[in-house]
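Structural overview
Listed below, chain by chain, are the residues.
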Amino acid sequence: FEFCVCTVVTHHNFTSWPAYWLRSMIDVDPDPIIEKLLEVRGQRVPKQVDLTELEVKGLIYKTREVFMSQSTLIEIEAPVKICGDTHGQYVDLLRLFEHGGFPPQANYLFLGDYVDRGRQSLETILLLLAYKVKYPDNFFLLRGNHESASINRIYGFYDECKRRYNIKLWKTFTDTFNCMPVA
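Heads up: these notes are all about the structure in this document. (Residues numbered from 1 in each chain as written. Predicted model: local features only at pLDDT ≥ 70, side-chain atom pairs only at ≥ 80, totals over all residues. Heavy atoms only, no water.)

Time to look at the packing of aromatic side chains. In total, this model carries 15 aromatic pairs according to the counting rule given. Pairing Phe110 with Phe139 gives two aromatic rings, centres 5.5 Å apart and planes at 40°, and the pair type is tilted. Remark: Phe139 occurs in strand β3 (residues 139–141) and Phe110 occurs in strand β2 (residues 108–110); sequence separation between them is 29 residues. Overall, the relative accessible area of 0% leaves Phe110 in the buried class. Each residue in the set Phe97, Phe102, Tyr108, Phe110, Tyr114, Tyr131, Tyr135 and Phe139 is aromatic and connected to the rest through ring pairs, giving one cluster. For Arg117, the ring lying beneath its charged end belongs to Tyr155, and the centroid distance is 5.9 Å. Between Arg153 and the ring centre of Tyr158, over which it is positioned, the NZ or CZ distance is 3.7 Å. (Phe/Tyr/Trp six-rings, centres within 6.5 Å; stacked < 30°, edge-to-face > 60°. Helix = DSSP H or I, 4+ residues; strand = E, 2+ residues; numbered from the N terminus. Buried < 20%, exposed > 50% of the residue type's maximum accessible area, 1.4 Å probe, protein only. Lys NZ or Arg CZ within 6 Å of the ring centre and 35° of its normal.)

Next up, the structure:
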């Protein structure tokens with residue numbers, strides 16, 4: 001049998017938003033976002049990738065929609081590359097894809113802990129979310145303990161979101177993390 005372990009908490013009244021704006025957020029194309037995020041490949045210390053807040057929110061909302069459409073118990077066919085604990089180490093994530101193959105060349109299962117500690121938690125989680133949206137059936141993300149508000153509020157993700165965007169965006173990430181299958 002199947003059950004949902006996620007909770008969706010939203011701080012927005014979607015009925016008051018213009019329909020065209022909501023559609024643009026849900027119908028986000030992950031390709032331009034992936035392209036921007038991969039532009040820094042090859043740099044020893046990549047610069048921050050500048051995405052608009054609308055692009056980020058659109059990707060987050062679309063990813064939440066994907067998570068909600070899938071079972072919390074995921075079945076994965078081999079071969080699959082299993083990875084864990086990227087912790088905002090964007091350079092390491094890019095290196096991992098360079099060695100293992102960028103999606104869809106390889107199937108991936110990430111075991112959580114995408115944010116905190118590293119310098120580029122936003123780039124790290126956004127690339128992973130974009131690949132989840134683009135390849136929902138062969139790119140899997142599980143929720144680790146750092147994908148909870150009580151942990152990432154302390155260990156850096158909250159501060160990075162606040163510094164680069166705003167606290168509302170951090171809450172939007174948290175709402176989507178609450179919909180991820182649990183590791």
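This paragraph deals with the pattern of salt bridges. Tallied over the full model, the rule gives seven salt bridges. The closest approach of N and O atoms between Asp31 and Lys134, which form a salt bridge, is 2.2 Å. Taken together, the positions of Asp31 in helix α2 (residues 30–38) and Lys134 in helix α5 (residues 121–134) put the pair 103 residues apart, joining distant regions of the chain. You can call Asp31 partly exposed: its relative accessible area is 34%. Assessed through its relative accessible area of 30%, Lys134 is described here as partly exposed. Across the pair Lys36 and Glu55 runs a salt bridge whose closest N-O atoms are separated by 2.9 Å. In this pair, Lys36 sits in helix α2 while Glu55 sits in helix α3 (residues 53–69), placing the two residues 19 residues apart along the sequence. The exposure class of Lys36 is partly exposed, given its relative accessible area of 27%. Classification of Glu55 as buried rests on a relative accessible area of 19%. (Salt bridge = Lys/Arg side-chain N within 4 Å of Asp/Glu carboxyl O.)

These figures come from the coordinates and say nothing about function on their own.
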